[in-house]
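A closer look at the structure
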Amino acid sequence: MKKKIYYKSYIFRKLNVSDVSLDYLNWFKNKERTKFIIKKPNSLMQLNNFVKNCSNDKEVLLVGVFDKMKNHLGNVKFDEFDYKKKSCTLGILTEKKKYLIKNNTKDILLGSIKFLKLYKKFSTCNLGVNKLNAKARKIFFKSGFRLKNTSITRVITMSLKL
């Protein structure tokens, strides 16, 4: 099975512990960009353990996004696999704000989904987005996600048919 794929100007492959770096850890120090991330690592050891646990868990696929110069630009995490409904949940984190503009995010999501399809044959990806995170909601909507449901909590569920 392929270890990586190329899509547009990005390279997608499983993230592994050799990708853990101080630069990667520093992504989580930007409070504005990570205020909607629930669990943030505080040390290289915690980040290393997170990546290692994802790598060892068959119910998680942590995809690293890289440019052609092999710079680590972001991650897309697929989990909560529902084999009956052929669906999963995804989350995205990028290094720099510029990767969150519409076309970059769309390309990162579509490339990651192509990578996911090498491992799992699903028809739907779901995500939860905080109601207060208007920028993310707009980006996901423009990337093809549709409102699935809202709840009394702060989370809106969106869905993308593959």
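Structure report, in brief.

Conventions adopted
Residues numbered from 1 in each chain as written. Predicted model: local features only at pLDDT ≥ 70, side-chain atom pairs only at ≥ 80, totals over all residues. Heavy atoms only, no water. Phe/Tyr/Trp six-rings, centres within 6.5 Å; stacked < 30°, edge-to-face > 60°. Helix = DSSP H or I, 4+ residues; strand = E, 2+ residues; numbered from the N terminus. Buried < 20%, exposed > 50% of the residue type's maximum accessible area, 1.4 Å probe, protein only. Lys NZ or Arg CZ within 6 Å of the ring centre and 35° of its normal. Expected span 1.5 Å × (residues − 1). Arc of directions from axis to C-beta. Contact = heavy atoms within 4.5 Å.

A separate point is the packing of aromatic side chains. We describe a pair of aromatic rings using the distance from one ring centre to the other and the angle between the two ring planes. Summed over all chains, the structure comprises 8 aromatic pairs. Consider the rings of Phe81 and Tyr83, whose centres lie 6.3 Å apart with planes at 45°: the pair is tilted. Seen in terms of ring centroids, Phe115 and Tyr119 are 5.3 Å apart; in terms of plane orientation they differ by 50°. Their pairing is tilted. Of this pair, Phe115 and Tyr119 both sit in helix α4 (residues 102-119), 4 residues apart, which is roughly one turn of the helix. Phe115 gets classed as buried once you look at its relative accessible area, which sits at 0%. Among the residues examined, Tyr119 registers a relative accessible area of 31% and is labelled partly exposed. An aromatic cluster of three or more residues is present, and its members are Tyr24, Trp27 and Phe28. Its end group placed over the ring of Phe141, Arg146 keeps NZ or CZ at 4.3 Å from the ring centre.

Residues that lie three or four places apart on an α-helix share one face, since the helix turns once every 3.6 residues. Relative to the 18 Å expected for 13 residues at 1.5 Å per residue, helix α3 (residues 44-56) spans 18 Å between its end C-alpha atoms, a close match to the ideal helical length. Listed as buried for α3 are Leu47, Val51 and Cys54. Down the axis of α3, the sector holding all buried residues measures 60°, keeping them to one side. In α3, the exposed positions angled more than 90 degrees off the buried face are occupied by Met45, Asn53 and Asn56. Here the buried face of α3 lies against α1 (22-26), β3 (61-66) and β4 (72-82).

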